[in-house]
Amino acid sequence: QVQLVESGGGLVQAGGSLRLSCAASGSIFKINAMGWYRQAPGKQRELVAVITRSGSTNYTESVKGRSTISRDNAKNTVALQMNSLKPEDTAVYYCNAVVSVGLGHVGNYWGQGTQVTVSS
């Protein structure tokens, strides 16, 4: 089994910054892509940013230029630095990892979510 534990959410004023972190543990052979998703009330979960094992990144248009995703393959961690936060960034943020657990098995795992609230 694989567990993802997020930290770093909270309440921040518009224009402020937050850094979300996520640590993966458990029966991990190799972590492939890692990413952050978010879900606002009444909306579908959406991709915020993703990073491959080799470090290639992709961001949703609304956070480009304001956010940076990074990872540490040795520590099985991923982080999302968010700057110039806007009220529309308010959501529950979820860490995601595509994990090879050995014997050719690949699983898609989620963290429990961390609330980010941006006040105007």
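Look up a bit, the structure's there.
Student: Got a sec to walk through the side chain of Ser-67? Specific residues and values, please.
Tutor: The topology assignment puts Ser-67 in strand S7 (residues 67–72). When residues no more than four places from it in sequence are discounted, the contact partners of Ser-67 are Tyr-59, Leu-80, Gln-81 and Met-82.

Student: Residues and numbers for the state of the cysteines, please.
Tutor: Applying the stated rule across the entire model yields one disulfide. The side chain of Cys-22 participates in a disulfide bridge whose partner is Cys-95; the two sulfur atoms lie 2.1 Å from each other. Classification of the bridge connecting Cys-22 and Cys-95 rests on its S-S torsion, roughly -80°, and on that basis the disulfide is left-handed. Placement of Cys-22 in strand S3 (residues 18–26) and of Cys-95 in strand S9 (residues 91–102) is noted, with a sequence separation of 73 residues between them. Pair check on accessibility: Cys-22 and Cys-95 agree, each one buried.

Student: For the pairing of strand S11 (residues 114–119), give the residues involved together with the corresponding values.
Tutor: Burial along S11 is one-sided: the face carrying Thr-114, Val-116 and Val-118 is buried and the face carrying Gln-115, Thr-117 and Ser-119 is not. In terms of strand pairing, strand S2 (residues 10–13) meets S11 through four bridges, oriented parallel. If you follow Gly-10 over to S11, its bridge partner there is Val-116. Bridging between S9 and S11 involves three bridges; their strand directions are antiparallel. Residue pairing for S11: Tyr-93 is matched across the bridge by Thr-114.

Analysis parameters
Residues numbered from 1 in each chain as written. Predicted model: local features only at pLDDT ≥ 70, side-chain atom pairs only at ≥ 80, totals over all residues. Heavy atoms only, no water. Helix = DSSP H or I, 4+ residues; strand = E, 2+ residues; numbered from the N terminus. Contact = heavy atoms within 4.5 Å. Disulfide = S-S within 2.5 Å. Buried < 20%, exposed > 50% of the residue type's maximum accessible area, 1.4 Å probe, protein only. Pairing = 2+ DSSP bridges.

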